[in-house]
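Geometric and topological summary
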Amino acid sequence: MRKALLADDDFLVRSYLKMLTSWEKAGFEITADVRDGEEALEVLDREKIDLVVTDIAMPLMDGIELIREIRRKYPDIYVIVLSCHDEFEYVKKAMKEGADEYVLKNTLNEESLYTVLEAAEEHIRQSKEEAGVKEQKQQTQEHADMKKDPEEDNIADADGKMGEKSDQTGNMNEKFLFFNQILAGTLSGEEREEKRIRAGICGKYKNSAVIVIKREETEYTEDPLEEARKEQYSLEFYRRMQEKLQSRPGESETEKEMIYLGNGTYCCFLDLSDEYKSSVMYQHLTGTASACYKICAEEEEAYKIGVSNICIGADALRQAYQQARMMIKNSFYEKDGIAYYEADRAMGKELPKEAETLLEEAELLKKKSEKDKFLLMAGTVIQAFKKERCDSQLVRQWFRKLEHKLQVDGTRADQHFGYIGEVKKELEHLAEQAFECGEPDIPEDLSQAVKIAADYAARHYREAVGLGDAAEAAGVNSTYLSYLFSQEMGIGFANYLLNLRMEHAKKLLRETNLKMWQVAEESGFNDYHYFSKVLKKAEGMSPAQYRKHS
């Protein structure tokens, strides 16, 4: 069996790909799956890998740089690039760096993956044969010693155990694939019916409803053991929920399937095809949703529950899933209970004018130290968010912008609030930080132009600004400002700006659990790799090492 490595920061994509049977059919086994290029290189350094399947857009080290490193260190590895977007610039760049194949994620299924893997296997086989001939001529004895692979027996044993898997496990894999393809919109007609029967799914899902259960986000950690523990808990909870739902009295007449999608997200698919009365359908739906709520309430972790309407037709499952997912977002306004879909209660997609006004006036309020007025306006914004039921992501983005306007560390919004009531507390905390920070500590004995430039840098270092922007703010020529700034501050403007960014980045590394690429972005570094090099030059260690030793 050829050994394959998956690199994609999307857990669901990795899970879906690992469930496909085309790997074994084409002669491959997935040795490891990782979240970014750096983790991929760690695996490649210790494992003999034949094939790498990598996403393009990943944190820390993206697919383009990973391909570049693979071609430099492991030129014989076959590389397939995945992407969600049909962007030809990415395609050309990936191919230029040495990718062998490029595939869009939304086109991948059992058949298309098998076609790609079959071509990869043929290429790898030919390459190994050619390399073997050359090596045999040069190192005959060594080749003879290596011919017997001690791993073959282990692989054979593993293959045997794979064949002995229970029908139940096989059915779960088939069910996962069936629902995944339904939700992706890639399965219909006779093929859908064939796969439904093969997976052992009794319900035909002509009338359908979906309940989505999602574990509330917990603080991010880079500890792989902690992440593994979370996933283990998720799987155990999945089994508990299945058992408890199946043991509910009086529910045998309702076909339902519970699927774990990964990353703390679960789907309960209800088949109501045999029912004709709306009242009976809703009784089954609300009863199952209430049961899910009670099961979740017994857990230590907190969960959000989104419930769809009853949908009818060939596309009912997909439509119901989208509704339930939308209600997970809507649960931002439901601290307790279950968020049921209401067609006339869609999420607001635009910021209310009250929120825009606070963004516009935030800097002036800080300058005038009008904390009370800020809090009063913030309370009005909260009420506007509730009235419009703005998308939770929109609220978080607004909060981040407000932090930026007030020049306060952007570290709390993503980490904490999952309910609108918590936003008020975060705004109060933001006010405490912002209105106690005061003006930047800039020497008084500076010329007006340098003082303005230094103040501009202190306020905008997290943006893509430079000497030209500061010169424009000061109303002077950039060459003149460069000379004047160096003379009065004892440091060039570019290095002054870099120091501000570095100090902020180090503070984030010490005090937050933000991902490395987020730290770079929050500190004004558009390129994580440049940030990493600068920090290593200044501190003698990588960002990860700096965080560990701080």
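Please read these numbers as outputs of a predicted model, since none were measured by experiment. (Residues numbered from 1 in each chain as written. Predicted model: local features only at pLDDT ≥ 70, side-chain atom pairs only at ≥ 80, totals over all residues. Heavy atoms only, no water.)

It is worth spelling out the overall build of the protein chain at this point. For the protein chain, the helix and strand inventory stands at 24 helices and 11 strands. Across the 550 residues of the protein chain, 46% fall into the buried class. Put simply, 68% of the contacts in the protein chain that link residues at least 6 apart link residues at least 24 apart. As presented, the protein chain carries roughly 29,300 Å² of accessible surface, and 47% of it is formed by carbon and sulfur atoms. (Helix = DSSP H or I, 4+ residues; strand = E, 2+ residues; numbered from the N terminus. Buried < 20%, exposed > 50% of the residue type's maximum accessible area, 1.4 Å probe, protein only. Contact = heavy atoms within 4.5 Å. Areas by Shrake-Rupley, 256 points an atom, 1.4 Å probe, with all protein chains shown as cover.)

Mean pLDDT for the protein chain: 80, with 83% of residues reaching 70 or above. Per-element mean pLDDT across the protein chain ranges from 38 in helix H8 (residues 151-163) up to 94 in strand E1 (residues 2-7). Counting interchain partners and residues more than four positions distant, the pLDDT-below-50 stretch residues 411-415 has 19 contacts. (pLDDT = per-residue confidence, 0-100.)

Turning to the pattern of salt bridges, a few remarks are in order. Taken as a whole and judged by the stated rule, the model has 19 salt bridges. With its nearest N and O atoms 2.8 Å apart, the salt bridge here joins glutamate 299 to arginine 240. In this pair, glutamate 299 sits in the loop between helix H12 (278-297) and strand E9 (303-307) while arginine 240 sits in helix H11 (residues 224-246), placing the two residues 59 residues apart along the sequence. Note on arginine 240: relative accessible area 27%, which makes it partly exposed. A network of salt bridges, in which partner residues are shared, links Arg14, Lys18 and Asp33. (Salt bridge = Lys/Arg side-chain N within 4 Å of Asp/Glu carboxyl O.)

Another point: the packing of helix H18 (residues 448-460) against helix H20 (residues 478-489). One way to put it is that H18 packs onto H20 with a least axis distance of 10 Å and a crossing angle of 90°. Overall, the two elements H18 and H20 adopt an arrangement that is roughly perpendicular. In this structure, H18 uses Ala449, Val450, Ala453 and Ala454 to contact H20, whose residues at the interface are Leu481, Leu484, Phe485, Glu488 and Met489. Its residues placed into classes, the contact of H18 with H20 shows 8 nonpolar, no polar and 1 charged. (Axes fitted to C-alpha atoms, helices over the stretch in contact; angles between N-to-C directions. Parallel < 35°, antiparallel > 145°, perpendicular 65-115°, else oblique. Nonpolar A, V, L, I, M, F, W, Y, C, P; charged D, E, K, R; others polar.)

Further remarks concern the pairing of strand E6 (residues 207-215). Across the 9 residues of E6, 9 count as buried, placing the element largely inside the fold. With burial as the criterion, each face of E6 is covered, one bearing Asn207, Ala209, Ile211, Ile213 and Arg215 and the other bearing Ser208, Val210, Val212 and Lys214. Pairing between E6 and strand E10 (residues 311-312): 2 bridges, direction antiparallel. Of the residues in E10, the one forming a bridge with serine 208 is cysteine 311. Of the pairings in the sheet, the one linking E6 to strand E8 (residues 265-271) comprises 7 bridges and is antiparallel in character. (Pairing = 2+ DSSP bridges.)

In spatial order, the strands read E2-E1-E3-E4-E5; together these 5 strands make up an open sheet with parallel pairing. Both outer strands of the open sheet, strand E2 (28-34) and strand E5 (101-104), are each paired with one neighbouring strand and no more. Neighbour-to-neighbour, the strand axes of this sheet turn through a mean angle of 20°, independent of strand direction. The sheet contact formed by E1 and strand E3 (residues 51-55) spans 4 bridges and is parallel. Counted as the bridge partner of alanine 7 is threonine 54 from E3. Along the sheet, helix H1 (residues 11-19) contacts E1, E2 and strand E4 (78-83); its crossing angle with E2, the most-contacted strand, is approximately 170°.

Looking now at the nonpolar core. Trp23, Phe28, Leu51, Val210 and Phe269 are the most contacted members of the largest nonpolar core, which has 44 residues in total. Contact partners of phenylalanine 28, with chain neighbours within four places excluded, come to Met1, Arg2, Ala4, Trp23, Leu51, Leu117, Ala120, Glu121 and Ile124. Within the second largest apolar cluster, 29 residues are counted, among which are Ala378, Val395, Leu427 and Leu430. (Core = buried A, V, L, I, M, F, W, Y, C linked by side-chain atoms within 4.5 Å.)

A few words on the packing of aromatic side chains. Across all of its chains, the model carries 15 aromatic pairs by this definition. Ring geometry for phenylalanine 385 versus tryptophan 398: centroids 5.2 Å apart, planes at 80°, classification edge-to-face. Taken together, the residues span a long stretch of sequence, with phenylalanine 385 in helix H15 (residues 371-388) and tryptophan 398 in helix H16 (residues 392-405) at a distance of 13 residues. A relative accessible area of 1% places tryptophan 398 in the buried class. (Phe/Tyr/Trp six-rings, centres within 6.5 Å; stacked < 30°, edge-to-face > 60°.)

What follows concerns helix H21 (residues 493-511). Between its terminal C-alpha atoms H21 stretches 27 Å, which fits the 27 Å expected from 19 residues at 1.5 Å a residue. Listed in full, the buried residues belonging to H21 are Phe493, Tyr496, Leu497, Arg501, Met502, His504, Ala505, Lys506, Leu508 and Leu509. (Expected span 1.5 Å × (residues − 1).)

Summed over all chains, the structure comprises 1 cavity of 30 Å³ or more. By volume, the largest cavity amounts to about 30 Å³. If you trace the largest cavity, you find it lined by Leu6, Ala7, Asp8, Val13, Arg14, Leu17, Val53, Thr54, Asp55 and Leu82. Going through the elements one at a time, E1, H1 and E3 are the ones with two or more residues in the lining of the largest cavity. For the lining of the largest cavity, the class distribution of residues is 6 nonpolar, 1 polar and 3 charged. (1 Å grid on protein atoms, 1.4 Å probe; cavity = no way out; pocket = protein on both sides within 12 Å on 5 of 7 lines; lining within 4 Å. Points joined across faces, edges and corners; volume = space filled by probe spheres on them.)

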